Amino acid sequence: MATIKNYINGEFSLPIANEWIDNYNPANGEIYGQIPNSKKEDVEEAYKSAKSAFRLWSQTTLEERSRILIKISELLEANIDRFAEAESKDNGKPISLAKAIDIPRAASNFRFFGNAITQFASESHESIGQQAINYTLRQPIGVVGCISPWNLPLYLFTWKIAPAIAAGNCVVAKPSEVTPMTAYLLGEICNNAGLPKGVLNIVHGLGSTTGQAIIEHPDIKAISFTGGTATGAHIARVAAPMFKKLSLELGGKNPNIIFADCDYEDMLTTTVRSSFANQGQICLCGSRIFVEVSIYEKFKTDFVKKVNALKVGHPSHEDTNIGALVSKSHLNKVKEYIAIAKEENGTLLCGGNEVVVKGFENGYYLEPTVIEVTNDECRVNQEEVFGPVVTIMPFNTEEEVLAMANKVKYGLSATLWTNDLKRTMKLSSQLQAGIIWVNTWMLRDLRTPFGGIKASGIGREGGFEALRFFTEAKNVCIKY
Ligand code: NDP
């Protein structure tokens, strides 16, 4: 049994009330560890530790902060196998994916913000004719809260923590209770990298208690949250009257729009990935596929053939393309959506069933599922399923597909496949989303603003946007 502890003031501690939550291995459905069921008192301890570290950390030189962040990055890289195994076991994702994407990206997050902070500058404005000069300070906020989801556990956890501490803040962080393991292991790496005690504090537990205590805390002045839209709305309701700074990265229901003039093979391979990577549990997955009518039948045949060739299997097997879904309850939710799609006259082109993996019969495996729909307003086309399920439907004109693409409450990302420049420019400008990919998917440059519009959230992460979020601007005007 693996016992996870809280990481407070550089030490590993038991939850004050000594209450625990079971941690499941999605690949076999068995309990393999316990995590603290932390309460308000634990969050208070973490807050106090962060507060006492703040003065010194906020005065630490940028070179020194940068050095420590880059050291954390190097130690993550040196421990990639251990972290990838832990992530795969906790989340059910193929170990090959954790090794190729999740852990390298977590390391990149620290390296990137370790470098970015040394380049982060503020503005100066000379008020000509008024004999005055203005300069703007970018000061750390103090103690900030970072709350992350289970789909890309360490990747998203560090995407928040790295800019927060780079900017001179101290952090109280909570990973998802469903996938706490790599966040736990990160504590040891931070100690070995020389991160001063209290700069990062990690408290494990349920969203409704531990998470709630963070968002309600009167002196945690900013919350960076990634998770579901309903949780984001709740956090906004709690935090807004306390005037906390908020960054909310929420759900998506992203269109993948395919025109006949695209590079077909490239589109086909990428569309399989953008549909089913990480079991379809990525907020950026293109779960609504719209295909120009002239290539629709060909696409349907080719796509289904490729999807049927994906191997569902144990996450530790090297040839597994699709691992286990993260939890039993999530598997049930995804299955419910498949049933709803059928009730709403969707046609199942492939998948739809649970998979029994030999030797791991109680794991949460589901076939990659493609559903043909005739009405873009059906529930499976409007609501976030967040699993290995995509819909496909044909379209005739740019106007028609644009209207369908925008007719959802979400606005996170959109993918466009075409070689027509005018069409690219027009649709990129008119699609309602924070991120548009043209002839690619999930190609990331960490300098770019990342985030959604509409019900996909508020605020942007990435690059200097993240450093701006984690600092307060203070303007100083000097008359001379
Ligand atoms: P949830 O919203 O359920 O949870 C996210 C985090 O918030 C978890 O750590 C959770 O804890 C915590 N939480 C839950 N309730 C509260 C509360 N009252 N106060 C404070 N914290 C709370 O999302 P999931 O973990 O299910 O993640 C999936 C969702 O995340 C999807 O909707 C997906 O689209 C979205 N997402 C968005 C991304 C983006 O960048 N826009 C990227 C990745 C995912 P606990 O686990 O204990 O419930």
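The paragraphs below set out a description of the structure included in this document. (Residues numbered from 1 in each chain as written. Predicted model: local features only at pLDDT ≥ 70, side-chain atom pairs only at ≥ 80, totals over all residues. Heavy atoms only, no water.)

Here we look at the overall build of the chain
Then, number 1: The helix and strand inventory of the chain stands at 15 helices and 23 strands.
Then, number 2: By its C-alpha atoms, the chain is 70 × 65 × 40 Å across when sized along the principal axes.
Then, number 3: Among the 480 residues that make up the chain, the fraction classed as buried is 59%.
Then, number 4: When the accessible surface of the chain is summed, it comes to about 19,100 Å², and 53% of that surface belongs to carbon and sulfur atoms.
Then, number 5: Taking the average location of the 49 positive side-chain charges in the chain and that of its 52 negative ones, the two points are 4 Å from each other. (Helix = DSSP H or I, 4+ residues; strand = E, 2+ residues; numbered from the N terminus. Buried < 20%, exposed > 50% of the residue type's maximum accessible area, 1.4 Å probe, protein only. Areas by Shrake-Rupley, 256 points an atom, 1.4 Å probe, with all protein chains shown as cover. Lys, Arg positive; Asp, Glu negative; His and termini not counted. Charge placed at Lys NZ, Arg CZ, Asp CG, Glu CD.)

Observations concerning the side chain of Asn23
Then, number 1: Along the chain, Asn23 turns up in strand E4 (residues 20-25).
Then, number 2: Engagement of the side chain of Asn23 in a polar contact is seen with the side chain of Asp90, the distance being 2.9 Å.
Then, number 3: Setting aside its immediate chain neighbours within four residues, Asn23 contacts Ile4, Glu30, Ile31, Tyr32, Gly33, Gln34, Ile35, Asp90, Glu177, Val178 and Pro180. (Polar contact = N/O pair within 3.5 Å; in protein donor to acceptor, adjacent residues only side chain to side chain. Contact = heavy atoms within 4.5 Å.)

Brief notes about the side chain of Arg288
Then, number 1: If you trace the backbone, Arg288 turns up in strand E14 (residues 288-292).
Then, number 2: We note that Arg288 is buried and unpaired, the nearest opposite charge coming from Asp376 at a distance of 5.7 Å.
Then, number 3: Once you skip the residues sitting within four places of it in the chain, Arg288 turns out to touch Lys253, Asn254, Pro255, Asn256, Asn381, Thr391, Met404, Ala405 and Val408. (Salt bridge = Lys/Arg side-chain N within 4 Å of Asp/Glu carboxyl O.)

Regarding the packing of aromatic side chains
Then, number 1: Counting across every chain of the model gives ten aromatic pairs.
Then, number 2: Ring geometry for Phe276 versus Phe303: centroids 6.5 Å apart, planes at 15 degrees, classification stacked. You can see Phe276 sitting in helix H9 (residues 264-276) and its partner Phe303 sitting in helix H10 (residues 293-308), a full 27 residues away along the chain. When sorted by exposure, Phe276 lands in the same class as Phe303, which is buried.
Then, number 3: Note on Phe299 and Phe303: the rings are 5.0 Å apart at their centroids and 15 degrees apart in plane angle, and the pair reads as stacked. Here Phe303 and Phe299 lie together in helix H10, a separation of four residues that amounts to about one turn.
Then, number 4: Judged by relative accessible area, Phe299 falls into the buried class, the value being 0%. (Phe/Tyr/Trp six-rings, centres within 6.5 Å; stacked < 30°, edge-to-face > 60°.)

Some points on the packing of helix H2 (residues 62-78) against helix H5 (residues 153-166)
Then, number 1: Where H2 contacts H5, the axes come no closer than 10 Å and their chain directions differ by 165 degrees. Judged by the inter-axis angle, H2 sits roughly antiparallel to H5. For the crossing formed where H2 meets H5, the hand is right-handed. In this structure, H2 contributes Arg65, Leu69 and Leu76 to the contact, and H5 contributes Leu154, Ala162, Ile165 and Ala166. (Axes fitted to C-alpha atoms, helices over the stretch in contact; angles between N-to-C directions. Parallel < 35°, antiparallel > 145°, perpendicular 65-115°, else oblique. Left-handed = near helix turned anticlockwise from the far one by under 90°.)

Focus: the pairing of strand E8 (residues 143-147)
Then, number 1: E8 sits mainly inside the fold: five of its five residues count as buried.
Then, number 2: Side chains Val143, Gly145 and Ile147 project from E8 onto one buried face, and the interleaved Val144 and Cys146 project onto a second face that is buried too.
Then, number 3: What joins E8 to strand E9 (residues 170-174) is H5, and the crossover it makes is right-handed.
Then, number 4: Across four bridges, the pairing between E8 and strand E11 (residues 222-226) is parallel. (Right-handed = clockwise from strand over helix to strand, strands pointing away. Pairing = 2+ DSSP bridges.)

Notes on H2
Then, number 1: When the terminal C-alpha atoms of H2 are compared, their 24 Å separation across 17 residues agrees well with the 24 Å that a helix rising 1.5 Å per residue should span.
Then, number 2: Tucked inside the fold, the buried residues of H2 contact helix H1 (40-58), helix H3 (80-91), helix H4 (95-119), H5 and helix H6 (181-192). (Expected span 1.5 Å × (residues − 1).)

Notes on a nonpolar patch on the surface
Then, number 1: Side chains of Met1, Tyr24 and Ile31 sit close together on the surface and give an oily, nonpolar patch of about 330 Å² of accessible area.
Then, number 2: By the secondary structure assignment, Tyr24 is in strand E4.
Then, number 3: Judged by relative accessible area, which is 39%, Tyr24 ranks as partly exposed. (Patch = residues over 30% accessible without salt bridge, like charges linked within 9 Å, V, L, I, M, F, W, Y side chains within 5 Å.)

Considering the site of the ligand
Then, number 1: For the ligand, the set of nearby residues contains 31 residues, the closest of which are Glu177, Thr231, Leu250, Cys283 and Glu384.
Then, number 2: A distance of 2.7 Å separates an oxygen atom of the ligand from a polar atom in the side chain of Glu177.
Then, number 3: Considered on its own, the ligand offers 900 Å² of accessible surface; in the complex 88% of this is hidden by protein.
Then, number 4: Among the elements of the structure, helix H7 (207-216), E11 and helix H8 (229-239) are those that each provide at least two residues to the shell around the ligand.
Then, number 5: With four residues, H7 is the single largest residue contributor to the shell around the ligand.
Then, number 6: Per-class residue counts for the shell around the ligand are 13 nonpolar, 14 polar and four charged. (Near = heavy atom within 4 Å. Nonpolar A, V, L, I, M, F, W, Y, C, P; charged D, E, K, R; others polar.)

A word on the sheet that holds strand E16 (residues 369-372)
What holds strands together in a sheet is hydrogen bonding between their backbones, with the strands either parallel or antiparallel.
Then, number 1: Ordered by their spatial adjacency, seven strands build an open sheet running E15-E16-E17-E14-E13-E19-E20, and the pairing between neighbours is mixed. Of all the strands in the sheet, just strand E15 (347-350) and strand E20 (435-438) have a single pairing partner and so form its edges. For this sheet, the mean inter-axis angle between neighbouring strands, taken without regard to orientation, is 25 degrees.
Then, number 2: Pairing of E15 with E16 involves three bridges; the strand directions are antiparallel. Paired with Cys350 across the strands is Val370, a residue of E16.

Examining the sheet that holds strand E6 (residues 124-127)
Then, number 1: Spatially, the three strands line up as an open sheet ordered E6-E7-E23, and their pairing is antiparallel. Each edge of the open sheet carries a strand with a single partner, namely E6 and strand E23 (471-479). The average angle at which neighbouring strand axes cross in this sheet is 20 degrees, direction not considered.
Then, number 2: Across nine bridges, the pairing between strand E7 (residues 132-140) and E23 is antiparallel. Of the residues in E23, the one forming a bridge with Gln139 is Glu472.

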